[in-house]
Amino acid sequence: MLELVVLISGAGSNLRALLRAAQDAEYPARVVAIGADRDAEGLALGEEFSIPTFQVSYGNFAGRASWGAALADQIRPWTPDLLVLSGFMRLLPHDVVAEFGPHIINTHPAYLPEFPGAHAVRDAIAAGVTETGASVIVVDDGVDSGPILVQERIPVEPHDSESTLHDRIKHVERRLLIQTVLDIANGTVDLKEATRA
């Protein structure tokens, strides 16, 4: 059974999908803790699904390094097999990536390497492209620059707003995340091998 710690910054819609998948006794992964970098709405899922939560608010620290050390202190006791960033809007400091990598994955609402960064959906619309996508990657020290595990194209409709496009992307992100965790648990995806490729 793969044990996951999931980090969020918002409502945790991808996390909710993962928690629902994990309720199936046949699904070979379970979330052991939920963490956030702020008072995130998605922390309420901890109570709903009886999962411990923790919060390491970035604003309480002098900088990324001290915040990262405190975040690692909260993650470490859970000894997760996999750290999942799900709508987590902070770049992990090098020391955190070094300690838990390559067993860190992230979902991203674009077909990487297109539109990295925090405003991928807005950037896709501004660029006038006819398609974007969703990706699941291994986290490295860069901004959405790690090895791509899986991705899928999603059309941009003529009258899409950032909100409508993001909603469609999230449906695909959830499916890809659930399948990727399953593939890692089953050994179909080897994160160490992915980082060597």
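Numbering of residues starts from 1 in every chain and runs along the sequence as written. Given that the model is predicted, a residue must reach a pLDDT of at least 70 before its local features are reported, and side-chain atom pairs must reach 80 or more before they are shown or counted; all residues, however, enter totals for whole chains, interfaces and linings. Water and hydrogen atoms play no part in the side-chain values, which are based on all heavy atoms of the structure.

A. Focus on the overall build of the protein. We count a stretch as a helix when DSSP gives it H or I for four or more residues in a row; a strand needs E for two or more, and each element gets its number in order from the N terminus. Helix and strand counts for the protein come out as 7 helices and 7 strands. The order of α-helices and β-strands along the protein, N terminus first, is β-α-β-α-β-α-β-α-β-α-β-β-α-α. Taking 2.2 N^0.38 as the reference for a compact globule, 197 residues should give roughly 16 Å; the C-alpha atoms of the protein span a radius of gyration of 16 Å, in line with that estimate. Per-residue accessibility, obtained with a 1.4 Å probe over protein chains only, is compared with the maximum for each type, and a residue is labelled buried under 20%, exposed over 50%, and partly exposed between these values. Counting over 197 residues, the protein shows a buried share of 46%. Relative to all contacts within the protein whose residues are 6 or more apart in sequence, the contacts with residues 24 or more apart total 63%. Total accessible area computed for the protein in this model is approximately 9,500 Å², and 50% of it derives from carbon and sulfur atoms. Our radius of gyration looks at C-alpha atoms and nothing else; its globule reference is 2.2 Å times the residue count to the power 0.38. Working rule for contacts: check all heavy atoms of both residues, and any pair within 4.5 Å makes them a contact. Surface exposure here means Shrake-Rupley accessible area, sampled with a 1.4 Å probe, where a residue is shielded only by the protein chains that are shown.

B. Up close: the sheet that holds strand β5 (residues 104-108). At least two bridges found by DSSP between two strands are what make those strands a pair. In space, the 7 strands of this open sheet follow the order β3-β2-β1-β4-β5-β6-β7, with mixed pairing throughout. The sheet is open, and its two edges are formed by β3 (53-55) and β7 (148-155), each paired on a single side. On average, each strand axis in the sheet is tilted by 20° relative to the strand beside it, whichever way the strands run. Pairing between strand β2 (residues 29-36) and β3: 3 bridges, direction parallel. Of the residues in β3, the one forming a bridge with Ala36 is Gln55. Note on geometry: axes are lines fitted to C-alpha atoms, helical ones only across the stretch in contact, with angles between N-to-C directions running from 0 to 180 degrees. Helix α1 (residues 13-22) contacts β1 (2-8), β2 and β5 of the sheet and is inclined by roughly 155° relative to β2. Packing of helix α6 (residues 162-186) onto the sheet brings it into contact with β1, β2, β4 (82-85), β5, β6 (131-138) and β7, and relative to β7 it is tilted by some 155°.

C. Structural view of the environment of Ala194. Tracing the backbone through its elements, the reader meets Ala194 in helix α7 (residues 191-196). Given a relative accessible area of 17%, Ala194 falls into the buried group. Here the alpha-carbon distance between Ala194 and Trp67, two residues 127 residues apart in the chain, equals 28 Å.

D. Structural detail: α1. Turning to α1, its buried residues are Asn14, Leu15, Ala17, Leu18, Leu19 and Ala21. The elements touched by buried residues of α1 are β1, β2, α2 (44-49), β5 and α6.

E. Highlighting the pattern of salt bridges. Definition used for salt bridges: Asp or Glu carboxyl oxygen within 4 Å of a side-chain nitrogen of Lys or Arg. One pass over the full model with this rule turns up 12 salt bridges. Its salt-bridge partner being Arg90, residue Asp37 comes within 3.3 Å of it at the nearest N-O pair. Taken together, the residues Asp37 in the loop between β2 and α2 and Arg90 in the loop between β4 and α4 (94-100) connect sequence positions 53 residues apart. Each of the salt bridges in this network shares a partner with another, and the network as a whole consists of Asp37, Arg38 and Arg90.

F. The arrangement of the packing of α1 against α6 in detail. Between α1 and α6, the shortest axis-to-axis distance is 9 Å and the interhelical angle comes to 45°. It follows that α1 is oblique to α6 by the angle criterion. The crossing of α1 and α6 is right-handed. Taking contact as the criterion, the partners of Ser13, Asn14, Ala17, Leu18 and Ala21 in α1 are, on α6, Lys170, Glu173, Arg174, Leu177, Ile178 and Val181. Note on residue classes: Ala, Val, Leu, Ile, Met, Phe, Trp, Tyr, Cys and Pro are nonpolar, Asp, Glu, Lys and Arg are charged, and everything else, Gly too, is polar. The class makeup of the residues in the contact of α1 with α6 is 6 nonpolar, 2 polar and 3 charged. Just so you know how the angles are binned, under 35 degrees is roughly parallel, over 145 roughly antiparallel, 65 to 115 roughly perpendicular, and the rest oblique. If you view the pair so one helix is near and one far, a crossing is left-handed when the near helix is turned anticlockwise from the far one by less than a right angle, and right-handed when it is turned clockwise.

G. Representation of the pairing of β6 in the model. Most of β6 sits inside the fold, with 7 of its 8 residues counted as buried. Note: β6 against β7, 7 bridges, orientation antiparallel. Each bridged residue has a counterpart across the sheet, and for Ile137 the counterpart in β7 is Ile148.

Just distances and angles here, no functional claims.
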